[in-house]
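# Chain and residue survey
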Amino acid sequence: MAKSNKSGSWIDILIELVEVFFKSSRQSKRGKTWHQHVVPHEYGWAVRREGNKRITSKHRRQDTAIRKAKQLARKYKADVIIHREDGTIRDRINYD
């Protein structure tokens, strides 16, 4: 009987390790976000994905940049973060 208890605890540990492995692999996929930032740019406004240095698109007007950011955020179920000209955050729109 003692043997089956050890076997049961070994299986429990194995199950726990597998669960931890799968949970961590799911979290690493969520590491990158698709939040879209509308930021001031040299000649107007730009849309940039959170964490990226590269700009997704450039626009002369903020409202067209916001429209593009909303389109991308809906597609990826992300947020749109709208900045003011001084770089501070003006608004945040959630598309979860």
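Computed from a predicted structure; not experimentally measured. (Residues numbered from 1 in each chain as written. Predicted model: local features only at pLDDT ≥ 70, side-chain atom pairs only at ≥ 80, totals over all residues. Heavy atoms only, no water.)

## Side note on the overall build of the protein
Applicable threshold: In this text, helices come from DSSP runs of H or I with a minimum length of four residues, and strands from runs of E with a minimum of two, each type numbered from the N-terminal end. Residue burial is assigned from relative accessible area. The probe radius is 1.4 Å, only protein chains are included, and a residue is buried under 20% of its type maximum, exposed over 50%, and partly exposed in between. By the convention used here, residues are in contact when the closest approach between their heavy atoms is within 4.5 Å. What sets the accessible areas is the Shrake-Rupley method with a 1.4 Å probe; for residues, cover comes only from the shown protein chains.
Broken down by element type, the protein carries 2 helices and 5 strands. The linear arrangement of helices and strands in the protein, starting from the amino end, is α-β-β-β-α-β-β. Taken across its 96 residues, the protein has 27% of its residues classed as buried. In the protein, the proportion of contacts linking residues at least 24 apart, taken out of those at least 6 apart, comes to 28%. Accessible surface for the protein amounts to roughly 7,700 Å². Of this, 53% is attributable to carbon and sulfur atoms.

## Let's talk about the sheet that holds strand β4 (residues 79-83)
For the record, the criterion: Here the rule is simple: two strands pair whenever DSSP picks up at least two bridges between them. Lines fitted to the C-alpha atoms define the axes, with helices restricted to the stretch that makes contact. Angles between their N-to-C directions range from 0 to 180 degrees.
Reading across from one edge, β3-β2-β1-β4-β5 is the order of the 5 strands in this open sheet, with mixed pairing throughout. Each of the sheet's edge strands pairs with one partner strand only, and the pair in question is β3 (57-59) and β5 (89-94). Neighbour-to-neighbour, the strand axes of this sheet turn through a mean angle of 20°, independent of strand direction.

## Things to note about the environment of Y95
Positionally, Y95 belongs in the segment after β5. On a C-alpha basis, the gap between Y95 and V80 in space is 8.0 Å, while along the polypeptide they are 15 residues apart.

## Considering the pairing of β5
Where β4 lies against β5, 5 bridges are found, and the strand directions are antiparallel. Bridged to D79 within β5 is N94. Where β4 folds back onto β5 in an antiparallel hairpin, the turn is made up of 5 residues, including G87, whose phi is positive at roughly 95°.

## Observations concerning the nonpolar core
The line we're drawing: We call a set of buried residues a nonpolar core when its members are Ala, Val, Leu, Ile, Met, Phe, Trp, Tyr or Cys and they connect through side-chain atoms within 4.5 Å of each other.
Among the nonpolar cores identified, the biggest contains 12 residues, and these are V38, W45, V47, A65, I66, A69, L72, A73, V80, I82, I93 and Y95. Among the elements that line this core, the one with the most residues is helix α2 (residues 62-76), at 5 residues. Excluding residues within four positions of it along the chain, A73 makes contact with Q36, A78, D79, V80 and Y95.

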